[in-house]
Amino acid sequence: MGNLIKVLTRDIDNNGGNFFLDFENAQPSQSETDVWEKVNQVLTEAQVILEDLQSYKGAGEEIRQAIQNPSVEGVQEKAWSAVVPLVIKLKTFYEFSQKLETSLQCLLDVLTSSSSTPTQHLEQKQALARQFAHILHFTLRFDELKMTNPAIQNDFSYYRRTISRMRINNLSSEAGSEVNNELANRMSLFYASATPMLKTLSDATSKFVSDNPEVPIENTTDCLSTMASVCKVMLDTPEYRSRFASEETVLFCLRVMVGVIILYDHVHPAGAFVKTSNIDMKGCIRVLKEQPPSSVEGLLNALRYTTKHLNDETTSKQIKNMLQQN
């Protein structure tokens, strides 16, 4: 009987999410302050990272000239001088992804503890839920910008090729001092991913689950599905939506919803698209498709190309068709 009640109450909780999560103004209570302050430092840096990525122009022209004029020393030096500061910037972005991973795990630690249900955690710890949302928002924004900027991989590839040429020719003992070989390999893997920050968060969430066997996996997946439900309900309910002070919050909410769906799909053994999923995928896709296409195309693409289980046989044709149509 006890187990049945547990199943029923968990079911009710998953269909919860019917409350207003204040993404604009939630402030930490005393019990949240320690974690909030740690994560807030990282989120403050996140703004700077996005600004730097947005203004990242790359050294395409200098690299082109260097490749066309391999024996002109001045042209080679000019390309190298242009690329090195950019690689230092790319190193900063990569190192920031590790800070983001630590912050996410700090938040999951609190939001998945067995002391309360996922709905209670999110409703009562709104400041931390808001930070979790900001991490997801940053992640999708970073990856959107990275995806549309081929200069990032071109610059880094040129840097690595030039380093290995310098080493072979013993041109400089200082070659590669900005980024040692092991770090360069890790950075290569990071930037090779179409969505590097999302991959970092997915891996971090999976690692959190495997590193904390005493925390049932449902605590994590229920936290994610409840967050998706909260976003969908807020976007779908005029009474809640009218409480957003800024239209920007709508896009913020959409990004967060997509971010938690992707994390859920990577962490839950059966994924987000099966009939038994705790996420109303049809409802979430419908909400996305009701927005202006230009603002959600990147988010629909994230669901199409960065989820793990969309193409499984267990995914209904209806969901696949909804995502295929523009």
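Computed from a predicted structure; not experimentally measured.

### Quick look at the packing of aromatic side chains
Scanning all chains against the criterion turns up nine aromatic pairs. Relative to Phe142, the ring of Phe93 has its centre 5.9 Å away and its plane inclined at 90°; by these criteria the two rings are edge-to-face. With a gap of 49 residues between them, Phe93 in helix α4 (residues 73–111) and Phe142 in helix α6 (residues 126–147) connect regions that are remote in the sequence. Considered together, Phe93 and Phe142 belong to a single accessibility category, that of buried residues. Ring plane angle 55° and centroid distance 6.5 Å describe the contact between Phe156 and Tyr191, whose orientation is recorded as tilted. Placement of Phe156 in helix α7 (residues 151–168) and of Tyr191 in helix α8 (residues 181–192) is noted, with a sequence separation of 35 residues between them. In this pair, the class of Phe156 matches that of Tyr191, namely buried. An aromatic cluster is defined as three or more aromatic residues linked by ring pairs; in this entry it consists of Trp80, Tyr94, Phe156, Tyr159, Phe190 and Tyr191.

### With respect to the nonpolar core
Of all hydrophobic cores here, the largest spans 100 residues; its most connected members are Phe23, Phe132, Phe138, Met234, Leu254, Ile261 and Leu288. No other element matches the 16 residues that α4 contributes to this core. Each of two domains, domain 1 (27–195) and domain 2 (216–325), supplies a minimum of three residues to this core.

What counts, and at which threshold
Residues numbered from 1 in each chain as written. Predicted model: local features only at pLDDT ≥ 70, side-chain atom pairs only at ≥ 80, totals over all residues. Heavy atoms only, no water. Phe/Tyr/Trp six-rings, centres within 6.5 Å; stacked < 30°, edge-to-face > 60°. Helix = DSSP H or I, 4+ residues; strand = E, 2+ residues; numbered from the N terminus. Buried < 20%, exposed > 50% of the residue type's maximum accessible area, 1.4 Å probe, protein only. Core = buried A, V, L, I, M, F, W, Y, C linked by side-chain atoms within 4.5 Å. Domains from an automatic or database assignment.

In short, geometric facts, not functional conclusions.
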